Amino acid sequence: MTKLLVNNIKLSLNDDEVIAISKAKKVLKKEHINEKDFSFSIYKKSIDARDKNNILLVYTVLAESEYEINTPYSSNIKPFPDLGMSFKRGDAALTDRPVVVGMGPAGMFCALLLAENGYNPIIIDRGDSVEDRTQVLSRFIQTGVLDTDSNIQFGAGGAGTFSDGKLTTRINDPKCSYVLRRLVEFGAPEDILTKAKPHIGTDILVNVVNNILHEIEVLGGRVIYRCKLTDIHEHSDHIELITSQGSINAGSLILAIGHSARDTYRMLLSHGLIIEPKPFSVGVRVEHLRDDIDKALYGRFAGHEKLGAGEYNLSDTKGGRGVYTFCMCPGGEVVPATSYEYGVCVNGMSKFARDGKNSNCAVNASVYTNDYGNDPIRAIEFQESLERKAYTAGGGDYFAPIQLMGDFLEDKVTSSPSRIIPTYADGNRTTVTNLNNILPNFVSERLKEGFKLFDKRIHGFAVSDAILTGTETRTSSPIRIMRTDNLTAPSNQLIYPCGEGAGYAGGIMSSAVDGIKVALEIIKKYKS
């Protein structure tokens, strides 16, 4: 069997997708490949908006043949990548069921693959089910009553549940295609299989999460909510987990704890796990009107049904310290993302339709290990100190500090929102203040440089009445739990650090892929 990807097929917004397949056939024919031996389908499509007067859709077409065909690959014809999911089982015996700590993408996909192969995993999380978690988050937004165990960080689906559901990733791993297909099986829209920048949206993602966790249970796994890991006791053939719901023995322990489990990091350090600090980033959320961003990106084609809400990804690394946009949420809202008392941090969230009035993104500057003392505890404390400053600047009660772009650039406070209304907590829990007094000087100055540069790339990015909301501190884990080539902790071959919280991923896709990698290592070692 032969599978080929025919790349870089450009069409206008008015062209039908069948034209892309027709052009793919011509590409094969030009290379003296008999196109009649193949069936064709759209594999990916993206938007080329570099010329706003001639916006193009760029397609990649999958050509499949039941025959083995020797093809002279060119710049436009590539072999379809092997999904890399073949494996054979090990023969070592598990003394107890594998236990996965954390129900984010890494934990869920790890537990799902283990369950599908007969390992009957237990997956626990300190937070609630999707339904209960939604109610808890709604109460927090309305009243400021924080649940430190169930919130936008902790619970079914992890931090990604209340996000844009963005599925883009910088990793080039064939398992990404596997993840996308599985998400569709569990309720994600099919267009994530073909979009170059796929997303699910929080309104659909909550159902996908529910379906995956339900499938784990159907297959013999066990899902336990409100089960917080507080300690571990290491034995020669198993790990005893001390949790808020009692003791659980694990034949292998998968630590997919997420990037916000700071108390768990501290507990693991006390047990001698090798944990190193790493670079991360901090900054603010910036909000513009969605219509303004769409016009800046697409010009007269703004609002075209084939384009949707405008997306961007901006960065500048020339200044020595990187500044970049992160987790852009078209037509979305800024949400309270704290998980610890007396701290304020924010994230972005949008629904599948991306039809909200504002668009937002994080704009962050790099923080290096020598900025905070090159120590894992100090890395955590650096984030915590900014969140506490933001809480104080907001006036307490989890009000978020905000500032207009023009005032931030000039280091003053003169104006309140008018044309653009902040979306944090429905716009009802914000305080105008000077964000320069919260952020370290090396961060705020780099952000200012970034805003001005990004304004040259997207007209109006640094418009004076754009809303800045602080602080964005949870873009990634500040530490890395070290692991060996077989993905176990150096000090204990029964412990598998996994996903974003362990420092090996950044976002839904790469986290899910890392969870799969860990599951495959366990399957390779143990019999079910």
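Residues numbered from 1 in each chain as written. Predicted model: local features only at pLDDT ≥ 70, side-chain atom pairs only at ≥ 80, totals over all residues. Heavy atoms only, no water.

**Some words on the sheet that holds strand β1 (residues 2-12)**
If you trace the 4 strands from one edge of the open sheet to the other, you get β2-β3-β1-β4, paired in antiparallel fashion. The two strands at the open ends of the sheet, each matched to only one other strand, are β2 (39-48) and β4 (77-79). With strand direction ignored, the average angle separating the axes of adjacent strands in the sheet is 25°. Both β1 and β4 contribute to a ladder of 3 bridges, which runs antiparallel. If you follow V6 over to β4, its bridge partner there is I77. Against the sheet, helix α1 (residues 17-30) touches β1, β2, β3 (56-65) and β4, its axis set at about 125° to β1. (Pairing = 2+ DSSP bridges. Helix = DSSP H or I, 4+ residues; strand = E, 2+ residues; numbered from the N terminus. Axes fitted to C-alpha atoms, helices over the stretch in contact; angles between N-to-C directions. Contact = heavy atoms within 4.5 Å.)

**A few points about the packing of helix α6 (residues 262-270) against helix α9 (residues 376-393)**
In a pair of packed helices, the angle between the axes and the distance between the axes together describe the arrangement. Closest axis-to-axis distance for the α6/α9 pair is 11 Å, and the angle between their directions is 160°. By the angle class used here, α6 and α9 are roughly antiparallel. α9 is crossed by α6, and the crossing has left-handed handedness. Listed contacts from α9 to R262, Y265, R266 and L269 of α6 are P376, I377, I380, E381, Q383, E384 and E387. Classifying every residue of the contact of α6 with α9 gives 5 nonpolar, 1 polar and 5 charged. (Parallel < 35°, antiparallel > 145°, perpendicular 65-115°, else oblique. Left-handed = near helix turned anticlockwise from the far one by under 90°. Nonpolar A, V, L, I, M, F, W, Y, C, P; charged D, E, K, R; others polar.)

**Remarks on the packing of helix α4 (residues 175-185) against helix α12 (residues 508-525)**
Taken N-terminus to C-terminus, the directions of α4 and α12 make an angle of 105°; their axes are 9 Å apart at the nearest point. Comparing their axes, α12 and α4 come out roughly perpendicular. Contacts between α4 and α12 involve K175, C176, Y178, V179 and L180 from the first element and M509, A512, V513, I516, K517 and L520 from the second. Class assignment of the residues belonging to the contact of α4 with α12 gives a composition of 9 nonpolar, no polar and 2 charged.

**So, the sheet that holds strand β11 (residues 253-255)**
Think of a sheet as strands paired side by side through backbone hydrogen bonds, with each pair either parallel or antiparallel. In spatial order, the strands read β7-β6-β5-β11-β23; together these 5 strands make up an open sheet with parallel pairing. Both outer strands of the open sheet, β7 (222-224) and β23 (495-497), are each paired with one neighbouring strand and no more. The sheet shows a mean angle of 15° between the axes of neighbouring strands, taken without regard to direction. Contacting β11 and β23, α12 runs over the sheet at an angle of about 155° to β23.

**Regarding the layout of surface pockets**
There is about 870 Å³ of room inside the second largest pocket. Lining the second largest pocket are 32 residues, with I47, Y298, L307, A309 and E311 sitting closest to its centre. For the lining of the second largest pocket, the secondary-structure elements that each account for two or more residues are β2, β3 and α7 (290-298). The biggest single contributor to the lining of the second largest pocket is β2, with 4 residues. Looking at the lining of the second largest pocket residue by residue, the class counts come to 15 nonpolar, 3 polar and 14 charged. (1 Å grid on protein atoms, 1.4 Å probe; cavity = no way out; pocket = protein on both sides within 12 Å on 5 of 7 lines; lining within 4 Å. Points joined across faces, edges and corners; volume = space filled by probe spheres on them.)

**Observations regarding α12**
The end-to-end C-alpha distance of α12, which contains 18 residues, comes to 26 Å, matching closely the 26 Å that a straight helix rising 1.5 Å per residue would cover. Among the 18 residues in α12, 15 count as buried, and that is most of the element. (Expected span 1.5 Å × (residues − 1). Buried < 20%, exposed > 50% of the residue type's maximum accessible area, 1.4 Å probe, protein only.)

**Examining empty space enclosed by the protein**
Inspection of every chain in the model, using the stated rule, returns 1 cavity of 30 Å³ or more. A volume near 90 Å³ is recorded for the largest cavity. Lining the largest cavity are P105, M108, F109, G157, G160, T161, L183, L205, V208, V209, I212 and I508. Taken together, the elements giving at least two residues each to the lining of the largest cavity come down to α2 (105-116) and α5 (202-218). Looking at the lining of the largest cavity, the element that brings in the most residues is α5, giving 4 residues. Of the residues in the lining of the largest cavity, the class split is 9 nonpolar, 3 polar and no charged.

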